[in-house]
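# Residue-level structural notes
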Amino acid sequence: MVENSRFGDILAYVILTLGVLVLAFPVYLAFVASTWDPATIVNGQLPLRPGPYFLQNYYRVLFEGTGSSTRQPVSVMMLNSLVMALMIAIGKIAISILSAYAIVYYRFPFRQSAFWIIFVTLMLPVEVRIYPTYKVVADLGLLDTYAGLSLPLIASATGTLLFRQFFMTIPDELLEASKIDGAGPFKFFVDTVLPLSITTIAALFVIQFIYGWNQYLWPLLITTKDNMQTIVIGIKKMIVTQDALTEWQLAMATAVLALLPPVAVVVLMQRLFVRGLVETEK
Amino acid sequence: MEKRAIFGGQTLPYLLLAPQLIVTVLFFYWPASQAVWQSFLIQDAFGTSTEFVWFENYQSLFANREYYNAMGTTALFSILVAGFSLSIALLLAVMADRQMRGAMSYRTLLIWPYAVAPAVAGVLWLFMFQPSLGMVSRGLRGMGVDWNPLLKGGHAMTLVVMAAVWKQISYNFLFFLAGLAAIPRSVIEAAAIDGARPWRRFWTIIFPLLSPTTFFLLVVNITYVFFETFGIIDAVTGGGPAKATETMVYKVFSDGRLGGDLGGSAAQSVVLLLIVIALTAIQFRYIERKVTY
């Protein structure tokens, strides 16, 4: 048995608590700032407890927007982020589960080539082909559309590999039994494969939702209209270099609103999140 | 590995593959080949004519001092972020791996920053360290430090590193925790019976057994610094002051912005592409070796 030292336990508690506090402090400070008036913040005298302007500030960012740089209310940006994140997550799951099904359950000419065409995209992020991708999307007339925001980010192999790996673990006997029962490819997919894949789908959804919500460079390039902006872009535009112009209490309220949905997803769906993270990074 | 039981049919599989193949070709292969093609072209200032110039874009890229600066910045940034986030995460994971009350709640409280967008993380840290009103910079000024990330390159770098580390700790923490859980308890107990104290056990048993995890995380962290920190840099410093925080990806973005130097930007994209491919290859080689062991 490994010794059970009291000192070791106390040390572990102290270090972990310290870690938790350091990680939480920036967000706590942002929350505090979002509940005060501009004067308190600009004076540099921000207290460490929440102030009385919570409702007022949040109402203003959500439904009226800030004054100068971003004319759209944050609720519009949040809706854009939500649509983009959902389209990326659902779109990627849909196309990759179908292609993985074809690759695992069929033999056809060029099957290996198809697999490699998809596989090569695995680790090449959109940033390395950013301007040509912009041009393709512009040529297709997809600037300032949800399709333009999400489609290029769906083009990657992680989902296909994940589903392929999972399908390989489904016992062959299941397919043989279904075939004896007269099931075709469609029925086998809906009745057997899909129900078995639910946790994999959910795990991938959680990871892709966070990935989509947090996108920055791509939406920055292809959205020109204010009403197509995502919240992560919107918050950056609220920070003006000349500090006098930045309405920090509103920027911080927006920051809190921007980080709340993905953080909630991680905390509430912790098991799926951990699973999705570990399995997609291979 | 192949399935024994399969469906017959030749058309359906192509239909099933079509959506993914179309998206991949349209938004991946076509733009990627365009990037390669463009890197051999020079466009005149008005965008009216282009000329095929072979490797001239690459030559001027590697003759340019600024590009080496961006490479150096990227290297320094990677080392600092990977070094700090890996060691802090390892410390926290070793502590959370103890069998004690509340270990699970600590895990929840430590993993959520992963979900915060890089740009938002940057804004949070910018607010704390804003020279005139930031809470921490006031404290620093009280200690006699003339803190100003808007003017001093070193300070700006410190700020983006802190924001990037803050966000990356949770990811590394989770993988270290999984790595620790996979170490057989009996090995550690045997060492304890032999009289090895916790500190010694960590360095002679746990740390070496964790090396596959550490190596994997190192590669992932480098990729993270290369690409995902773009949002942090753009939100906090915009590459400044005086390009002190301009990484390679940031340079691709700023050189090509508003149709500026598209050929040069494309050449930089291709260099990045090669670096990512090399990293992936190293990763895969390593994973394969791990499997055969």
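Sequence order as written defines residue numbering, which begins from 1 separately in each chain. Both sets of labels track the order of writing: A upward for chains, 1 upward for ligands. For a predicted model such as this one, the threshold for reporting local features is a pLDDT of at least 70, and the threshold for listing and counting side-chain atom pairs is 80 or more; totals across whole chains, interfaces and linings nevertheless cover every residue. The basis for every side-chain value is the complete set of heavy atoms in the structure, and neither hydrogens nor water enter the calculation.

### Looking at unusual backbone geometry
Phi at Phe110(A) takes a positive value of approximately 70 degrees, unusual for a residue other than glycine. Strands here are runs of E lasting at least two residues and helices are runs of H or I lasting at least four, both read from the DSSP assignment and numbered beginning at the N terminus. Secondary-structure assignment places Phe110(A) in the loop between α4 (74-105) and α5 (111-119).

### A short note on the packing of aromatic side chains
What counts as a ring pair is set by centres within 6.5 Å for rings of Phe, Tyr and Trp (its six-membered ring), and what kind of pair is set by the plane angle: stacked under 30 degrees, edge-to-face over 60, tilted for all other angles. Applying the stated criterion across every chain yields a total of 45 aromatic pairs over all chains. Seen in terms of ring centroids, Tyr101(A) and Phe7(B) are 6.5 Å apart; in terms of plane orientation they differ by 50 degrees. Their pairing is tilted. Remark: Phe7(B) occurs in the segment before α1 (11-38) and Tyr101(A) occurs in helix α4; the pair is interchain, linking two chains. Only protein chains enter the accessibility calculation, which uses a 1.4 Å probe; a residue is then buried when its area is under 20% of its type maximum, exposed when over 50%, and partly exposed in between. Assessed through its relative accessible area of 3%, Tyr101(A) is described here as buried. In this structure Phe7(B) comes out as buried when scored by relative accessible area, which is 6%. When the ring of Phe129(B) is compared with that of Trp147(B), the centres are 5.2 Å apart and the planes differ by 50 degrees; the resulting orientation is tilted.

### Considerations on the nonpolar core
One finds Phe273(A) and Val120(B) to be the most contacted residues of the largest nonpolar core, which totals 150 residues. For this core, the element with the highest residue contribution is helix α7 (residues 153-181) of chain B, accounting for 16 residues. In contact with Val120(B), other than residues within four places in its own chain, are Val232(A), Ile235(A), Ala255(A), Ala258(A) and Leu259(A). Core analysis: the next-biggest nonpolar cluster, separate from the first, contains 33 residues, Val104(A), Ala114(A), Ala157(A) and Phe163(A) among them. As used in this record, nonpolar core signifies buried Ala, Val, Leu, Ile, Met, Phe, Trp, Tyr and Cys residues forming a set joined through side-chain atoms within 4.5 Å. For this analysis, residues touch if any pair of their heavy atoms sits within 4.5 Å.

### Structural notes on the interface of chain B and chain A
Opposite the 96 residues of chain B that make contact, chain A presents 112 residues. Here chain B meets chain A over a buried area of about 9,600 Å², counting both sides, of which 74% is carbon and sulfur. Three residues stand out in chain B for area buried against chain A, namely Lys3(B), Phe7(B) and Phe27(B), and they jointly supply 10% of the buried area on that side. Salt-bridge detection follows one rule: a side-chain nitrogen of Lys or Arg within 4 Å of a carboxyl oxygen of Asp or Glu. If you look at where chain B meets chain A, you find two salt bridges. Between Asp9(A) and Arg98(B) there is a salt bridge whose closest N-O contact spans 3.0 Å. Throughout this description, a polar contact denotes any pair of N or O atoms lying within 3.5 Å of each other; where both atoms belong to protein, one of them has to be capable of donating a hydrogen while the other can accept it, and for residues adjacent in sequence the pair is counted only when both atoms sit in side chains. For the interface between chain B and chain A, the tally reads 15 residue pairs in polar contact (both at pLDDT 80 or more). Any residue outside Ala, Val, Leu, Ile, Met, Phe, Trp, Tyr, Cys, Pro, Asp, Glu, Lys and Arg is labelled polar, Gly included; the first ten of those are nonpolar and the last four are charged. Looking at the side of chain B that touches chain A residue by residue, the class counts come to 68 nonpolar, 16 polar and twelve charged. A 1.4 Å probe defines the accessible area here, and the buried area is the portion of it lost by two parts on being joined, summed over both.

### A short note on the confidence of the model for chain B
Confidence scores here are pLDDT values: one per residue, from the predictor, ranging 0 to 100. Across chain B, the average pLDDT comes to 85, with 95% of residues at 70 or higher. Predicted complex metrics record ipTM = 0.89 and pTM = 0.90.

### A few points about helix α7 (residues 146-154) of chain A
An α-helix turns once every 3.6 residues. As a result, residues three or four positions apart point the same way. Every buried residue of α7(A) is listed here: Gly148(A), Leu149(A), Ser150(A), Pro152(A), Leu153(A) and Ile154(A). Along its buried surface, α7(A) packs onto α4, α6 (130-139), α11 (198-213) and α12 (217-222) of chain A together with α1 of chain B.

### Structural notes on helix α12 (residues 248-256) of chain B
Most of α12(B) is tucked away, with nine of its nine residues classed as buried. Among the residues of α12(B), Met248(B), Val249(B), Tyr250(B), Lys251(B), Val252(B), Phe253(B), Ser254(B), Asp255(B) and Gly256(B) are the ones counted as buried.

### Some details on the packing of helix α3 (residues 65-96) of chain B against helix α10 (residues 211-228) of chain B
All names here are of chain B. Between α3 and α10, the least distance of the axes is 9 Å, while the angle of their chain directions is 130 degrees. The angle between α3 and α10 places the two elements in the oblique class. Considering only the axes of α3 and α10, their crossing is right-handed. Contacts between α3 and α10 involve Thr 74, Phe 77, Ser 78, Val 81, Ala 82, Ser 85 and Leu 86 from the former and Leu 217, Leu 218, Asn 221, Tyr 224, Val 225 and Phe 226 from the latter. When the residues that make up the contact of α3 with α10 are grouped by side-chain class, the tally is nine nonpolar, four polar and no charged. A fitted line through C-alpha atoms represents every axis, and for helices the fit uses only the stretch in contact; the resulting angles, taken between N-to-C directions, go from 0 to 180 degrees. Each angle gets one of four labels, with under 35 degrees taken as roughly parallel, over 145 as roughly antiparallel, 65 to 115 as roughly perpendicular, and the rest as oblique. By definition, any crossing whose near helix is turned counterclockwise from its far helix by less than a right angle is left-handed, and any crossing with a clockwise turn is right-handed.

### Quick notes on a nonpolar patch on the surface
A patch consists of residues whose relative accessible area exceeds 30% and which take part in no salt bridge; residues with like charges are grouped when within 9 Å of each other, and nonpolar side chains (Val, Leu, Ile, Met, Phe, Trp, Tyr) when within 5 Å. Using a 1.4 Å probe, accessible areas were evaluated by the Shrake-Rupley method; residue-level cover was limited to the displayed protein chains. There is a patch of nonpolar side chains on the surface, built from Leu79(A), Leu82(A), Leu86(A) and Ile90(A) and spanning about 320 Å² of accessible area. Its relative accessible area of 34% is what places Leu82(A) among the partly exposed residues.

### Concerning the environment of Ala119(B)
Relative to the assigned elements, Ala119(B) resides in helix α5 (residues 118-128). Sequence spacing of Ala119(B) and Val236(B) is 117 residues, and the spatial spacing of their C-alpha atoms is 8.0 Å. When residues no more than four places from it in sequence are discounted, the contact partners of Ala119(B) are Tyr216(A), Val232(A), Gly231(B), Ile232(B) and Ala235(B).

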